[in-house]
Amino acid sequence: IHISDLADIHIKALNFLNQNKSEIFNCGYGHGYSVLEIVNTMKKVSGINFSVKIAERREGDIVTMVSDTKKLKNNINWLPQHDNIEFICKTTLNWENLLIKNKGN
């Protein structure tokens, strides 16, 4: 999930709490991305064909995890603004590059 969407959820959840009892909401888009999809998208947006070591699944690793966002959307009227894997990867990369650039300051 894009950090801006997550921040928006938190603000709307706080407003919800001001008028309602406490609830637990799953945050996300209701669908997932595989690790390989993220890796390939990051290669694409960065322009770097970095090496990747593919290994067997570790014991205890889950196969799939996807949030059920119906309760979130129904109770706080939230809709995602940035549900785009390329945009998420590109803005993440930009943020990390900014942190590296400003590390010495």
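Please refer to the structure higher up on the page.
Remember, predicted model here, so these are calculated numbers, not experimental data. (Residues numbered from 1 in each chain as written. Predicted model: local features only at pLDDT ≥ 70, side-chain atom pairs only at ≥ 80, totals over all residues. Heavy atoms only, no water.)

Enquirer: Just checking my understanding: could you explain the packing of helix 2 (residues 35-46) against helix 4 (residues 85-101) for this structure?
Expert: Each packed pair of helices is defined by two parameters, the angle between the axes and the distance between the axes. Direction vectors running N to C along helix 2 and helix 4 enclose 65°, while the axes themselves pass 9 Å from each other. In terms of crossing hand, the pair formed by helix 2 and helix 4 is right-handed. Between helix 2 and helix 4, the contacting residues are Glu 37, Ile 38, Thr 41, Met 42, Lys 44, Val 45 and Ser 46 on the first element and Ile 85, Glu 86, Cys 89, Lys 90 and Leu 93 on the second. Partitioning the contact of helix 2 with helix 4 into residue classes produces six nonpolar, two polar and four charged. (Axes fitted to C-alpha atoms, helices over the stretch in contact; angles between N-to-C directions. Helix = DSSP H or I, 4+ residues; strand = E, 2+ residues; numbered from the N terminus. Left-handed = near helix turned anticlockwise from the far one by under 90°. Contact = heavy atoms within 4.5 Å. Nonpolar A, V, L, I, M, F, W, Y, C, P; charged D, E, K, R; others polar.)

Enquirer: What is the right way to read the pattern of salt bridges from this model?
Expert: In a structure, side chains of opposite charge can pair up when their charged atoms sit close to one another. Overall, the coordinates contain six salt bridges when judged by the stated rule. Salt-bridge contacts for Glu 86 lead to Lys 44; the nearest nitrogen and oxygen are separated by 2.6 Å. Residue Glu 86 is located in helix 4, and its partner Lys 44 is located in helix 2; the two are separated by 42 residues in the primary sequence. Since its relative accessible area comes to 57%, Lys 44 is described here as exposed. (Salt bridge = Lys/Arg side-chain N within 4 Å of Asp/Glu carboxyl O. Buried < 20%, exposed > 50% of the residue type's maximum accessible area, 1.4 Å probe, protein only.)

Enquirer: Explain helix 2 to me, please; I cannot follow it from the model alone.
Expert: Since the α-helix packs 3.6 residues into each turn, any two residues three or four apart lie on the same face. Spanning twelve residues, helix 2 covers 16 Å between terminal C-alpha atoms, matching the ideal 16 Å at 1.5 Å per step. Residues Val 39, Thr 41 and Met 42 constitute the buried set of helix 2. In this fold, the buried residues of helix 2 make contact with helix 4. At the C-terminal side of helix 2, Gly 47 shows a positive phi close to 75°. (Expected span 1.5 Å × (residues − 1).)

Enquirer: Looking at this model, I keep getting lost on the environment of Leu 17. Mind explaining?
Expert: When you line up the elements, Leu 17 lands in helix 1 (residues 3-17). Judged by relative accessible area, Leu 17 falls into the partly exposed class, the value being 41%. Sequence separation of Leu 17 and Ile 76 is 59 residues, and the distance between their C-alpha atoms is 9.9 Å. The residues contacting Leu 17, other than those within four sequence positions of it, are Ser 22 and Glu 23.

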